[in-house]
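# Coordinate inspection notes
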Amino acid sequence: MIALEHIIKEYDGKIILNDIHFTIEQGQSLAFTGQNGCGKSTLLKIIAGLVRPTKGTVCIEKEKLIHYVPEHFPKMNLTAKRYLYYMSRMDKLESAALETRIHELAEEFFVSNMLDIPMKYLSKGSLQKIGVIQALLKEPDILLLDEPLSGQDVMSQQVFIQKIQELQRHHATILMSCHEPYLADAIADDVYQFVEGKIVLASHQSAGEVQWYTMFFVRTKKAGVPEKWKGHLQFTEQGCILRVAESECDRAMSEMSGAGWNLRGMHCEK
C-alpha cells in the first residue's frame, strides 16, 4: 500500500532521515519509537504529503483515504463543531448523518460540552480528541497518528484504543509514533525504532522470556465474547479467566471491557 523509496530528509544541513527504504502492506499496524527529534513525526508528515523529502519518493496506492492526527494541534477561532463540519466536507460526508456521528464520538471521548467552544481555548488533550474525532468521522484507509495519547486522560485512552482496534478489524493501515509501550502492545503488529536516521525492528523477548498474566473478569448482563479471545477463556460461575502474555494485557483489558466484562483482578505468573 505504501512504499518509501530511499527517503532522505535534511534540516539545516542535518540528516534526520537517512535513506529510508520501506514497504507497508494494507492492514499493517506499526509503531515508531525513538527519542524526540529522531524523525518519527517527520516521516509521518512525509507520508501524509505535508512535508517533502529532500530526496526519494513516496508511493501510495491510488484512491486511498489518508487521515493524519498531529501531536500539536493548532488553536483556532473556529469552534470544535464548526471545524469538524468544515473538515467533513473534504471527505464528502453526508450532512444528514454527520450531526449524529459528531455527537456520538464527542460523547465517547467526553468532549460533548466543548463542541461550541472556540478551539483556541481548549487544552492540548481536548484538541487531540477533536483531531481524533475528525479522523474517525469517515473510516480512513490509512491513519497516521503522531503521539496520539500524549495529552489524553486514562478513560479517553481506553476509548481511543478500542476505536483503533475497530479500524484494524476493518483492515485499515495504522502508522503511529509513540512513547507508551502499552499503546504499542495494544495496537502495533511490529515496533520500529529510529536509530541515526534509520528504521530498525525493535528487539522482542525470546519465547522463554515471555511473561504471562492471569486475568479475572466478572460479566455484566450484556457481556459478549470478543472474537480475539474466543477459545482462550475459561468460564466460571462468577465470570471467566483469561491467560495472556504481558504484551497482550492492555488489549485484553480494553476488548473485554468493551464487550461488557469488568476486570476484578490479575496476577503475574512467576
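Residues numbered from 1 in each chain as written. Predicted model: local features only at pLDDT ≥ 70, side-chain atom pairs only at ≥ 80, totals over all residues. Heavy atoms only, no water.

## A short note on the packing of helix α2 (residues 80-90) against helix α3 (residues 95-108)
The relative placement of two packed helices is expressed as an angle between their axes plus a distance between the axes. Stated formally: Every angle, taken between N-to-C directions, lies between 0 and 180 degrees, and every axis is a line fitted to C-alpha atoms, over only the stretch in contact when it is a helix. Secondary structure elements follow DSSP: runs of H or I of four or more residues count as helices, runs of E of two or more count as strands, with numbering from the N terminus. Reported orientations rely on four angle classes, namely roughly parallel under 35 degrees, roughly antiparallel over 145, roughly perpendicular from 65 to 115, and oblique for the rest. Crossing chirality is assigned from the near helix's rotation relative to the far helix, an anticlockwise turn below a right angle marking it left-handed and a clockwise turn marking it right-handed. Contacts: residue pairs with any heavy atoms within 4.5 Å of one another. In this classification, Asp, Glu, Lys and Arg are treated as charged, Ala, Val, Leu, Ile, Met, Phe, Trp, Tyr, Cys and Pro as nonpolar, and every other residue, Gly included, as polar.
Relative orientation of the contacting elements α2 and α3 amounts to 130 degrees, with a least axis distance of 11 Å. Of the possible angle classes, the one that applies to α2 and α3 is oblique. Handedness of the α2/α3 crossing: right-handed. Mapping the contact onto sequence places Lys 81, Leu 84, Tyr 85 and Ser 88 in α2 and Leu 98, Glu 99, Ile 102 and His 103 in α3. Its residues placed into classes, the contact of α2 with α3 shows four nonpolar, two polar and two charged.

## Quick notes on the environment of Leu 137
Relative to the helices and strands, Leu 137 resides in the loop between α4 (124-136) and β6 (142-146). Each C-alpha atom of the pair Leu 137 and Leu 98 lies 7.8 Å from the other, and the pair is 39 residues apart in sequence.

## Remarks on the sheet that holds strand β12 (residues 239-245)
For clarity, the threshold we go by: For two strands to pair, DSSP has to find at least two bridges joining them.
Taken together, the four strands give an open sheet; going across it, the order is β11-β12-β10-β13, and neighbouring strands pair in antiparallel fashion. Here the strands that pair on one side only, and so sit at the sheet edges, are β11 (233-235) and β13 (261-268). Geometrically, the sheet is characterised by an average inter-axis angle of 25 degrees between neighbouring strands, direction not taken into account. Bridging between β11 and β12 involves three bridges; their strand directions are antiparallel. Each residue of the ladder has a partner; that of Phe 235, found in β12, is Cys 240.

## Comments concerning the packing of α2 against α4
Viewed as axis vectors pointing N to C, α2 and α4 meet at an angle of 30 degrees, and their least axial separation amounts to 10 Å. Here α4 runs roughly parallel to α2, going by the angle between their axes. Relative to α4, α2 is oriented so that their crossing is right-handed. For the pair α2 and α4, contact is made by Ala 80, Tyr 83, Leu 84 and Met 87 and by Ile 130, Ile 133 and Gln 134, respectively.

## Considering the pairing of β12
Worth spelling out the cut-off: Per-residue accessibility, obtained with a 1.4 Å probe over protein chains only, is compared with the maximum for each type, and a residue is labelled buried under 20%, exposed over 50%, and partly exposed between these values.
Burial within β12 is extensive, with five of its seven residues counted as buried. Pairing of strand β10 (residues 212-219) with β12 involves seven bridges; the strand directions are antiparallel. Counterpart to Trp 212 in the pairing with β12 is Ala 245. Connecting the antiparallel pair β11 and β12 is a turn made up of three residues.

## Regarding the packing of aromatic side chains
Note the threshold: Under the pairing criterion, centres of Phe, Tyr and Trp rings, with the six-membered ring standing for Trp, must be within 6.5 Å; the plane angle then separates stacked pairs below 30 degrees from edge-to-face pairs above 60, leaving the rest tilted.
Inspection of every chain in the model, using the stated rule, returns five aromatic pairs. With a centroid separation of 5.0 Å and 85 degrees between ring planes, the pair formed by Phe 22 and Tyr 192 is classed as edge-to-face. Of this pair, Phe 22 sits in strand β2 (residues 14-24) while Tyr 192 is found in strand β8 (residues 190-195), placing the two residues 170 residues apart along the sequence. In this structure, Phe 22 and Tyr 192 share a single accessibility class: buried. Residue Tyr 192 is classed as buried on the basis of its relative accessible area of 15%. Members of the aromatic cluster, each reached through a chain of ring pairs, are Phe 22, Phe 32, Tyr 192 and Phe 194.

## Description of α3
Definition in use: Multiplying 1.5 Å by the residue count of a helix minus one yields the expected span of that helix. When we speak of the arc, we mean the arc of directions from the helix axis to the C-beta atoms.
Between its first and last C-alpha, α3 extends 20 Å over 14 residues, near the 20 Å set by a 1.5 Å rise per residue. Turning to α3, its buried residues are Leu 98, Ile 102, Leu 105 and Ala 106. Viewed end-on, α3 has its buried residues packed into an arc of 100 degrees, placing them on one side of the element. Relative to its buried face, α3 has exposed residues pointing more than 90 degrees away, namely Ala 96 and Glu 107. Elements in contact with the buried residues of α3: α2, α4 and α5 (154-169).

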